[in-house]
Amino acid sequence: MLHDLRYALRSLAKAPGFTLAAVIILALGIGANTAIFSLVDTILFRRLPVPAPGRVMRLFVTGNGSADLGGFSFPIYERMRNDSSSFSGLAAYSSGNAMNLAIGGSAPERIFGGIVTANYFQTLGVRPAAGRLFVQADDRGATPVVVLSHRLWSRSFGRNPAIVGTPIRINGTSVTIVGVAPEDFWGTNFDEPTEVWLPMSMAAAAVPQFGQEMIFSDHFTWLDVIGRLR
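A quick note: this is a predicted structure, and the numbers were derived from the prediction, not measured. (Residues numbered from 1 in each chain as written. Predicted model: local features only at pLDDT ≥ 70, side-chain atom pairs only at ≥ 80, totals over all residues. Heavy atoms only, no water.)

## A look at the overall build of the protein chain
If you tally the helices and strands in the protein chain, you get eight helices and nine strands. Relative to the globule expectation of 17 Å for 230 residues, the C-alpha radius of gyration of the protein chain, 23 Å, shows a markedly less compact shape. Each principal axis of the C-alpha distribution contributes one length, and for the protein chain these read about 80 × 55 × 35 Å. Burial statistics for the protein chain: of 230 residues in total, 36% are counted as buried. Partitioning the contacts of the protein chain with sequence separation of at least 6, the portion at a separation of at least 24 is 68%. Surface exposure of the protein chain reaches about 12,900 Å², of which carbon and sulfur atoms provide 59%. (Helix = DSSP H or I, 4+ residues; strand = E, 2+ residues; numbered from the N terminus. Rg over C-alpha atoms; globule rule 2.2 N^0.38 Å. Buried < 20%, exposed > 50% of the residue type's maximum accessible area, 1.4 Å probe, protein only. Contact = heavy atoms within 4.5 Å. Areas by Shrake-Rupley, 256 points an atom, 1.4 Å probe, with all protein chains shown as cover.)

## Notes on the packing of aromatic side chains
If you walk through the whole model with that rule in mind, you get twelve aromatic pairs. Relative to Y120, the ring of Y93 lies with its centre 5.7 Å away and its plane at 55°, an arrangement referred to as tilted. Residue Y93 is located in strand β2 (residues 87–102), and its partner Y120 is located in helix α4 (residues 120–124); the two are separated by 27 residues in the primary sequence. Comparing Y93 with Y120 shows no difference in burial state: the two are buried. Ring geometry for F121 against F134: centres 5.8 Å apart, planes inclined by 50°, an arrangement best described as tilted. Here F121 is found in helix α4, whereas its partner F134 is found in the loop between β4 (130–131) and α5 (136–140), with 13 residues between them in sequence. (Phe/Tyr/Trp six-rings, centres within 6.5 Å; stacked < 30°, edge-to-face > 60°.)

## Things to note about the pairing of strand β6 (residues 167–170)
In β6, alternate side chains face the same way, and those of I168 and I170 are buried while those of P167 and R169 on the opposite face are not. Where β2 and β6 come together, two bridges link them in antiparallel fashion. Counterpart to L101 in the pairing with β6 is I170. As defined by bridge partners, β6 adjoins strand β7 (residues 173–180) across four bridges and the pair is classed as antiparallel. Of the residues in β7, the one forming a bridge with P167 is T176. Linking β6 back to β7 in an antiparallel pair, the connection comprises two residues, with N171 at a positive phi of about 50°. (Pairing = 2+ DSSP bridges.)

## Structural notes on the environment of D138
Relative to the assigned elements, D138 resides in helix α5. A sequence separation of 62 residues divides D138 from M200, and the C-alpha atoms of the two residues are 8.1 Å apart.

## Quick look at the confidence of the model for the protein chain
For the protein chain, mean pLDDT is 89; residues scoring 70 or higher make up 93% of the total. When the elements of the protein chain are averaged for pLDDT, helix α2 (residues 16–45) gives the smallest value, 75, and strand β5 (residues 145–148) the largest, 98. (pLDDT = per-residue confidence, 0-100.)

Structural data, given as structure tokens:
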């Protein structure tokens, strides 16, 4: 074995161009396979860090013989939630929305946020790391509120629990921090970790290009829906 190894090393040393090309190709191949496995592991195999994740289902719309998987409008989601007998809870959300976040007098930073119904965290069984999560009154929008990701809380506030009640600005609108999500929960969108969550009442401020009328239209299918089986 040692003889074969010495012979191989001498052969590679005599052809440095070939050796370099082989090393680069191997490195690219191993790197690509590692990246693909990490993505597949995250999307297909790793379960959400919530209680009984096997009971959490994502719903899709199909029809007319199409294999495409579509989303839901807000009125359709409401009718499903009110009429469902198979789920203990149905929640709607829109994730991966680019927003401008400003804290104090700092310059705005671009982040990705989620817009969720007030029962989103309750349906998933998520508990706050600080403060509280959304309640039904937040969907009615009496006071604009926001829940931070644990990562944003750590990066911008040093994990200070006293930040509950602090105002920040999302797209120029002042919102009050009411709580922080747990450390291992990054949302239900695996493409881009969510930094903030806003209730449905804040949808027009969070994504102003949609507009209030479009957001609550029966024909605008912009929402994903998850449910917890009874």
